[in-house]
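Results of the structural survey
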Amino acid sequence: MALTVLVALPTAALFLRVRSDVSADRADTELKQQGVTYLVALAPLISALADSQSQALQGVTAEPASLTSAVARVQEADGNLGATLGTTNRWNGIKEKITNLPAVTGNSQQIFQAHVEVGDLALALYTEVRKNSKLNMDPQQDIWYLQETITVNMPRTVTAVSRMSDLANMHEAAARAQKPALQVQLGVELDEVQSGVAELTENLQAAADVTDSASLAGNTLNNLDSFRRGVEAAVRGANFNGSPDVSTLVTAQSTLSTALNALTTVLLKEIQALLDTRSDDLSYRQIESWVLITVAVLLILLAAFWTRSGTAPAGQPGDGAAGRDISVHNDGPPGTPGPGTYGGSSSPYDQVPGYGEAPNYGGGAAGRERSGALR
């Protein structure tokens, strides 16, 4: 029984440890999958805010249909996942500011600044999702690079392209006194666009180098090229050192929006597939741990039963010392060497205690007199 307990306790402890680790990994994976689901709904918001900003600077006060649709999608996602991801308060603040955008009045700089504030809040929402879902802490390299591309590089690059394009048009129409400040802002956004594209390309290349996914490189290449072409066209249209080309900017914005949606969809599907594979592996490990603990318990019980059934009950005749009839006196007739005498059996168990008396082989008074003399 003691041996059984000594074997069972470490086995049970090991099983509980494995089960606890698997449960923690499953919960972590599910949280990241929820983050990916939220990002799927959030991605169109960046392009929609860019459209709203450009139209507002052109004098259109109504909210674009693309923005209305994007807000509805994020609202649904936040209603389902906001409590888990901790995004509800931030999203409610963004939604309120988006609702107030059509009412913003003033010059182009004031309208532009109002949209910049909402855009910055939307970028902060991306950061909130990636942190609270722990996507930014994922130890798997390809997932980390992909989430960095989706939640940091792409939204910031698209936002910077939108601001660069609108600042170029504002610079062209501004008074002479306003041009230097607008030129500085334009240069800042141009640098942001170029660094964003470079980082995005590097992260996607790094993900393709370390991933086990057979489809990542092929699915990403064409969409990445389209995205980069849209950015390059926007930079040419902004024409930092000259007058902007409005038609080029419009075409570039449309190309960039389409490429953004396609690339985001591909990358989010890749992350989801990698997380699904991890979830399947964890399910297999959980089943495996249950099988192993069941087999271990059965073997322990079988060993205990085998040991118990193979041991004879103590005290039965013929079993060890308990079955021996040990005699400490001589039952033979006087004068007959027998058990316990020097001439009899040599077994130490049959020797007669002498208590200091000399052997009396003749049996009679001599023995008693000897005993008396000794006394």
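Refer to the structure above for everything that follows.
We now turn to the structure provided with this report. (Residues numbered from 1 in each chain as written. Predicted model: local features only at pLDDT ≥ 70, side-chain atom pairs only at ≥ 80, totals over all residues. Heavy atoms only, no water.)

**Observations concerning the side chain of Asn203**
In plain terms, the rule: Per the convention used, a helix needs a DSSP run of H or I reaching at least four residues, while a strand needs a run of E reaching at least two, with both numbered from the N terminus. Contact definition: two residues touch when any of their heavy atoms are within 4.5 Å.
Structurally, Asn203 can be placed in helix α6 (residues 179-210). Each residue touching Asn203, except ones within four places of it in the same chain, is listed here: Tyr145, Glu148, Thr149 and Asn153.

**Overview of the layout of surface pockets**
Note the following rule: A pocket here means an open set of points on a 1 Å grid, computed over the protein atoms alone, that has protein on both sides within 12 Å along at least five of seven lines. A cavity is instead a set of points where a 1.4 Å probe fits but cannot get out; residues with an atom within 4 Å of a point line either one. Grid points are joined across faces, edges and corners, and a volume is the space filled by probe spheres set on the points. Only Asp, Glu, Lys and Arg are considered charged in this grouping, and only Ala, Val, Leu, Ile, Met, Phe, Trp, Tyr, Cys and Pro are considered nonpolar; every other residue, Gly among them, is considered polar.
If you add up the space inside the second largest pocket, you get close to 440 Å³. Forming the walls of the second largest pocket are 21 residues, and the residues nearest its centre are Ser54, Gln58, Asp166, Val250 and Gln253. For the lining of the second largest pocket, the residue count by class is nine nonpolar, ten polar and two charged.

**A word on the pattern of salt bridges**
Condition: Salt-bridge detection follows one rule: a side-chain nitrogen of Lys or Arg within 4 Å of a carboxyl oxygen of Asp or Glu. The rule is simple: take the accessible area with a 1.4 Å probe, protein chains only, and divide by the maximum for that residue type; under 20% is buried, over 50% is exposed, in between is partly exposed.
Here the structure, examined in full by the defined rule, presents six salt bridges. Residues Asp138 and Lys32 are paired through a salt bridge, measuring 2.8 Å at the closest nitrogen-oxygen approach. A residue pair is termed long-range when its members are at least 10 positions apart, and Asp138 in the loop between α4 (108-132) and α5 (141-173) and Lys32 in helix α1 (residues 2-57) qualify at 106 residues. Asp138 gets classed as buried once you look at its relative accessible area, which sits at 5%. By relative accessible area, Lys32 is classed as buried at 1%. With a shortest N-O distance of 3.0 Å, Arg163 and Asp120 are connected by a salt bridge. One end of the pair, Arg163, is in helix α5; the other, Asp120, is in helix α4, and 43 residues separate them in sequence. According to the relative accessible area criterion, Arg163 is buried, its value standing at 9%. A relative accessible area of 38% means that Asp120 is categorised as partly exposed. Through salt bridges with shared partners, a single network forms among Asp28, Lys32, Asp138 and Arg278.

**Here we look at empty space enclosed by the protein**
The full count for this structure, using the stated rule, is two cavities of 30 Å³ or more. Lining the largest cavity, in full, are Ile46, Leu49, Ala50, Gln53, His115, Gly119, Thr159, Ser162 and Arg163. Elements supplying a minimum of two residues to the lining of the largest cavity: α1, α4 and α5. No other element matches the four residues that α1 contributes to the lining of the largest cavity. Each residue belonging to the lining of the largest cavity can be placed in one class, and the counts come to three nonpolar, five polar and one charged. If you add up the space inside the second largest cavity, you get close to 60 Å³.

**Focus on the packing of helix α3 (residues 88-100) against α4**
Which entries qualify depends on this criterion: Here the axes come from fitting lines to C-alpha atoms, over the contacting stretch only for helices, and the angles between their N-to-C directions go from 0 to 180 degrees. With respect to orientation, any angle under 35 degrees is reported as roughly parallel, any angle over 145 as roughly antiparallel, any angle of 65 to 115 as roughly perpendicular, and every other angle as oblique. Helix crossings fall into two classes, left-handed where the near helix is turned counterclockwise from the far one by less than a right angle and right-handed where it is turned clockwise.
Between α3 and α4, whose axes approach to 10 Å, the crossing angle comes to 160°. Here α4 runs roughly antiparallel to α3, going by the angle between their axes. Crossing geometry of α3 relative to α4 is assigned as left-handed. Contacts between α3 and α4 involve Arg90, Trp91, Ile94, Lys97 and Ile98 from the former and Val118, Leu121, Ala122, Ala124, Leu125 and Glu128 from the latter. For the contact of α3 with α4, the per-class residue count stands at eight nonpolar, no polar and three charged.

**Some thoughts on unusual backbone geometry**
Here the phi dihedral of Lys134 falls at roughly 65°; this positive angle occurs in a residue that is not glycine. Mapping Lys134 onto the fold places it in the loop between α4 and α5. Owing to a relative accessible area of 37%, Lys134 belongs among the partly exposed residues under this scheme. Look at Asn239: it is not a glycine, yet its phi comes out positive at around 50°. Within the fold, Asn239 resides in the loop between α7 (216-238) and α8 (246-309). Taking the relative accessible area as the measure of exposure, Asn239 reaches 32% and is therefore partly exposed.

**Concerning the packing of aromatic side chains**
The condition is simple: Think of it this way: a Phe, Tyr or Trp ring, Trp meaning its six-membered ring, pairs with another when their centres are within 6.5 Å, and the plane angle makes it stacked under 30 degrees, edge-to-face over 60, tilted otherwise.
A complete count under the given rule lists one aromatic pair for this structure. Between Trp144 and Tyr145, the ring centres sit 5.6 Å apart and the planes meet at 85°, which makes this aromatic pair edge-to-face. Classification of Trp144 as partly exposed rests on a relative accessible area of 29%.

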